[in-house]
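# Report on the structure
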Amino acid sequence: MLITIPDVLTAGQVAEARAALDAAEWVDGKVTAGYMAQMVKENLQLPEGHPVAVRLGEMVLAALARSPLFMSAALPLRVFPPMFNRYTGGGHFGTHVDTAIRATASTGQRIRTDVSATLFLSAPEEYEGGELYVEDSYGAHSVKLPSGHMVLYPATSLHRVAPVTRGARVASFFWVQSMIRSDADRTLLYDLDMAIQRLAVDVPGNPAGVQLTGVYHNLLRRWAEM
Ligand code: NI
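### As for helix α6 (residues 207-223)
Given a rise of 1.5 Å per residue, 17 residues ought to cover 24 Å, and the 25 Å separating the end C-alpha atoms of α6 matches this to within 8%. Within the sequence span of α6, burial applies to G209, Y216 and L220. Down the axis of α6, the smallest arc covering the buried residues is 30 degrees, so these residues share one side. Projecting away from the buried face of α6 at angles above 90 degrees are the exposed residues P207, V210, Q211, R221 and R222. Taken together, the buried residues of α6 touch α5 (183-202). Measuring from the backbone nitrogen of A208 back to the side-chain oxygen at the start of α6 gives 2.8 Å, which picks out N206 as the cap.

Quick look at the structure:
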């Protein structure tokens, strides 16, 4: 499932993040890439544990905790501390799949990457190219969102970032270990949750709403890993 979560950050938060990021010292993005990805990756990153990355990462995590859509779509168990990247001057990231298991630099805690996230911090008109292409069985989907918006996609999917031929594309990226490992199962729960919420608005007080909520929680109880 590929899902857009609008307005994760406010315009003020995006401006604050950009001011700090535009003044920061960036390093070659190959430092966190696996062997295969190193050959196709050409971008800049803030090092893990960089004070700006830590401060802005906490801002992103706090925003995610307030987002019912993120909670419903990702069903997070653990969230990797958000990282930050910058593509400019033809920078790109060729087709790759994200590393399955990652350890955080600060605690060494390992996270299984079930869901990948990109939070856009540049407005689309600030740069040319830089689309995220995510492949699934229906083909490749192009993603380029307004600043402050985020996309979630299965970490199991092949994906790439097209070369940025003008301006700079700044984003936050991270991974989620979900309580629901399978993208198909997670999608079912998300669809069920959305239907229950729609029912509560369209037919308030209908007993089927309680029954379906029970089904949702019983499926979650059956499938959740913690
Ligand atoms: Ni990736």
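Next comes the rest of the account.
### Here we look at the packing of α5 against α6
The geometry of α5 relative to α6 is characterised by a closest axis approach of 10 Å and an angle of 160 degrees between their N-to-C directions. Our classification of the angle between α5 and α6 gives roughly antiparallel. Where α5 crosses over α6, the two elements pack in a sense that is left-handed. Contact residues: α5 offers D185, L188, L189, L192, D193, I196 and L199, while α6 offers A208, G209, L212, T213, V215, Y216, L219, L220 and W223.

Cut-offs used in this document
Residues numbered from 1 in each chain as written. Predicted model: local features only at pLDDT ≥ 70, side-chain atom pairs only at ≥ 80, totals over all residues. Heavy atoms only, no water. Helix = DSSP H or I, 4+ residues; strand = E, 2+ residues; numbered from the N terminus. Expected span 1.5 Å × (residues − 1). Buried < 20%, exposed > 50% of the residue type's maximum accessible area, 1.4 Å probe, protein only. Arc of directions from axis to C-beta. Contact = heavy atoms within 4.5 Å. Polar contact = N/O pair within 3.5 Å; in protein donor to acceptor, adjacent residues only side chain to side chain. Axes fitted to C-alpha atoms, helices over the stretch in contact; angles between N-to-C directions. Parallel < 35°, antiparallel > 145°, perpendicular 65-115°, else oblique. Left-handed = near helix turned anticlockwise from the far one by under 90°.

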